[in-house]
Amino acid sequence: MKELSISEFYCPLPFKHAFVDSNGIAACCQHTRHKVSLDKWAEHPELIEIQQALLNGKVVGSCQSCFTQESRRGQSLRTDSIRDYKQKRYTKTDIDFIDFRSFNICNFKCRSCDPVYSHGIGQEVKLNPELKKFLGPAADSKTVSVDDTNVTWIKENLHKLNRIMFTGGEPTKIPGVKVLIEHIKQKHQKIQILITTNASFEDEFWYELTKTFRNLHWTVSIDAVGPSASIVRHGSNWDTIEKNVSWLAQHSNSLDINSVVSNLTVFQLGPLLEFGRRMQKLSATPLGKHGDLGCRHQFFVCSRPYYLSADNLSEDLLLQAVDYLKNCKKLDLDDEQSQMLNGLITQLSNATYDPALWEKTQRYNTILDGIRNENHTSLYKAQI
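The sections below set out a description of the structure shown in this document.

As for the overall build of the chain
On a plain count of helices and strands, the chain comes out with 15 helices and 12 strands. Relative to a compact globule of 384 residues, whose C-alpha radius of gyration would be 21 Å, the chain shows 20 Å and is just as compact. Principal-axis analysis of the C-alpha atoms gives the chain an extent of 55 × 50 × 45 Å. Expressed as a percentage of the 384 residues in the chain, the buried residues total 57%. Put simply, 73% of the contacts in the chain that link residues at least 6 apart link residues at least 24 apart. Summed over all atoms, the accessible surface of the chain reaches about 16900 Å², with 50% contributed by carbon and sulfur.

As for the side chain of Gln-337
Among the secondary structure elements, Gln-337 is positioned in helix 14 (residues 335-349). Contact partners of Gln-337, with chain neighbours within four places excluded, come to Leu-273, Gly-276, Arg-277, His-297, Phe-299 and Asp-332.

Describing the packing of helix 8 (residues 177-187) against helix 9 (residues 204-212)
As a packed pair, helix 8 and helix 9 sit with axes 12 Å apart at the nearest point and diverge in direction by 20°. Here helix 8 lies roughly parallel to helix 9, going by the angle between them. Handedness of the helix 8/helix 9 crossing: left-handed. Between helix 8 and helix 9, the contacting residues are Val-177, Lys-178, Ile-181, Glu-182 and Lys-185 on the first element and Phe-205, Trp-206, Leu-209 and Thr-212 on the second. Here the contact of helix 8 with helix 9 is composed, by residue class, of 5 nonpolar, 1 polar and 3 charged.

Some thoughts on the pattern of salt bridges
In the structure shown here, the tally under the stated rule is 20 salt bridges. Arg-33 is the salt-bridge partner of Asp-21, the closest N and O atoms lying 3.2 Å from each other. Of the two residues, Asp-21 sits in strand 2 (residues 17-21) while Arg-33 sits in the loop between strand 3 (24-26) and helix 2 (45-55), which places them 12 residues apart along the sequence. One salt bridge connects Arg-163 with Asp-84, and the closest N-O pair in it is separated by 3.5 Å. Separated by 79 residues along the polypeptide, Arg-163 in strand 7 (residues 163-166) and Asp-84 in helix 4 (residues 77-84) bring together distant segments of the chain. Look at Asp-84 and you get partly exposed, because its relative accessible area is 34%. When salt bridges with common partners are traced through the structure, they connect Asp-80, Arg-83, Asp-84, Arg-163, Arg-296 and Glu-336 into a single cluster.

Some details on the packing of aromatic side chains
Here the structure, examined in full by the defined rule, presents 15 aromatic pairs. When the ring centre of Phe-9 is taken as reference, the NZ or CZ atom of Arg-78 above it lies at 4.4 Å. Directly above the aromatic system of Phe-97 lies the positively charged group of Arg-163, at a separation of 4.0 Å from the ring centroid.

Some details on the pairing of strand 8 (residues 192-197)
Of all 6 residues in strand 8, 5 are buried, a share of seventy percent or more. Where strand 7 meets strand 8, 4 bridges bridge the pair, whose relative direction is parallel. Looking across to strand 8, one finds that Arg-163 is bridged to Gln-192. Note: strand 8 against strand 9 (residues 216-221), 5 bridges, orientation parallel. Within strand 9, the position partnered with Ile-193 by the bridge is Leu-216. As a crossover connection, the stretch from strand 8 through helix 9 into strand 9 is right-handed.

Considering helix 5 (residues 119-127)
Turning to helix 5, its buried residues are His-119, Gly-120, Ile-121, Gly-122, Glu-124 and Val-125. The secondary structure elements touched by the buried residues of helix 5 are strand 6 (109-110), helix 6 (132-135) and helix 15 (355-372).

Let's talk about the packing of helix 9 against helix 11 (residues 238-251)
Remark: helix 9 packs on helix 11, axes separated minimally by 10 Å, with the N-to-C direction vectors making an angle of 15°. In this view, helix 9 runs roughly parallel relative to helix 11, as classed from their interaxial angle. Pair helix 9 / helix 11 crosses with right-handed handedness. Residue-level contacts link Tyr-207, Thr-210 and Lys-211 of helix 9 to Lys-243, Asn-244, Trp-247, Leu-248 and His-251 of helix 11. Its residues placed into classes, the contact of helix 9 with helix 11 shows 3 nonpolar, 3 polar and 2 charged.

Re helix 3 (residues 64-73)
The complete set of buried residues in helix 3 reads Cys-66, Phe-67, Gln-69, Glu-70 and Arg-73. Across the axial projection of helix 3, the buried residues extend over an arc of 160°, all falling on one side. Gly-74 sits one or two positions beyond helix 3 and adopts a positive phi of about 85°.

As for the state of the cysteines
This structure, assessed with the given rule, holds 0 disulfides. No disulfide involves Cys-66; its sulfur sits 6.1 Å from that of Cys-28, the nearest cysteine. The class for Cys-66 is buried, based on a relative accessible area of 10%.

Here is what the cut-offs are and how they apply
- Residues numbered from 1 in each chain as written.
- Predicted model: local features only at pLDDT ≥ 70, side-chain atom pairs only at ≥ 80, totals over all residues.
- Heavy atoms only, no water.
- Helix = DSSP H or I, 4+ residues; strand = E, 2+ residues; numbered from the N terminus.
- Rg over C-alpha atoms; globule rule 2.2 N^0.38 Å.
- Buried < 20%, exposed > 50% of the residue type's maximum accessible area, 1.4 Å probe, protein only.
- Contact = heavy atoms within 4.5 Å.
- Areas by Shrake-Rupley, 256 points an atom, 1.4 Å probe, with all protein chains shown as cover.
- Axes fitted to C-alpha atoms, helices over the stretch in contact; angles between N-to-C directions.
- Parallel < 35°, antiparallel > 145°, perpendicular 65-115°, else oblique.
- Left-handed = near helix turned anticlockwise from the far one by under 90°.
- Nonpolar A, V, L, I, M, F, W, Y, C, P; charged D, E, K, R; others polar.
- Salt bridge = Lys/Arg side-chain N within 4 Å of Asp/Glu carboxyl O.
- Phe/Tyr/Trp six-rings, centres within 6.5 Å; stacked < 30°, edge-to-face > 60°.
- Lys NZ or Arg CZ within 6 Å of the ring centre and 35° of its normal.
- Pairing = 2+ DSSP bridges.
- Right-handed = clockwise from strand over helix to strand, strands pointing away.
- Arc of directions from axis to C-beta.
- Disulfide = S-S within 2.5 Å.

Given below as structure tokens:
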């Protein structure tokens, strides 16, 4: 653990939040899940260890991801959480925020995802066992769900919650999510509902919910725009996605755009950044929580799996990528977009070419190209 003062490193999530998916419970998405029920979570040894480390201003291994993100880009899930909890510090477990990933049902098969979060990828692995070399021996075609005991705890403790996040999989495609949301809307309107979506929905329920339930926040996951989107996030229909995000920008009370930057999307950042800015300007209304920006465009620069890391490129592509990113700096950017580009330029400038790792990403993507009738190499052509 790296020693820091508590003023430099503290996070409220291990005290106030629980990440719940089919593998169990964790303090947040960066930590290892444990097969334990929510009513016993506060007593779990790892949670207690994490909490004590944070109270002593130390960075435990699982928190290193946030520490790295902050050192490169000045912000992370931790800093966002400190903001959300208004700088308050906690010393005891009191869960008021659940990240609820009830099923891995998803209509997309993103190249940076795995079967834990997409049953479609699991089915793909079953038909193409060579993918297990990249996705691990646990990769299979099962549709997995959260333990019933934890689902029951969530339903019985809604009155104690301030926020519940629905992700997946794709929550707008998961059975039971609409039922639980409708129950919250009718009985627990103080709870803020957060939905992370791929923006592929067409069911009128989601438009009506946006118009009638003001305590609703949308996060749309977009890693590339136009034709490139269908390669990076297989299953994408860009026309539908663009229509939905534009509609949400104009009608939702709260909207973020979330983008994963991998070695597949580095050269696609220009159009993505411009799309983010268009949505910000479209949503610059009194409803938006980010003032003149309208919505936030936030980024996660991929570091795992390592073969999809943003800086895992050939020697030639690394040089080209740095030049390309410097050109992207000339676009109309907000502060967060600009900060991300600065950090990424530094990261790629300092990167060392790893032939074995680069060959692995080529093998993985070439296999997917054959399965999906796509050509991932088109993503390495700079788009401005």
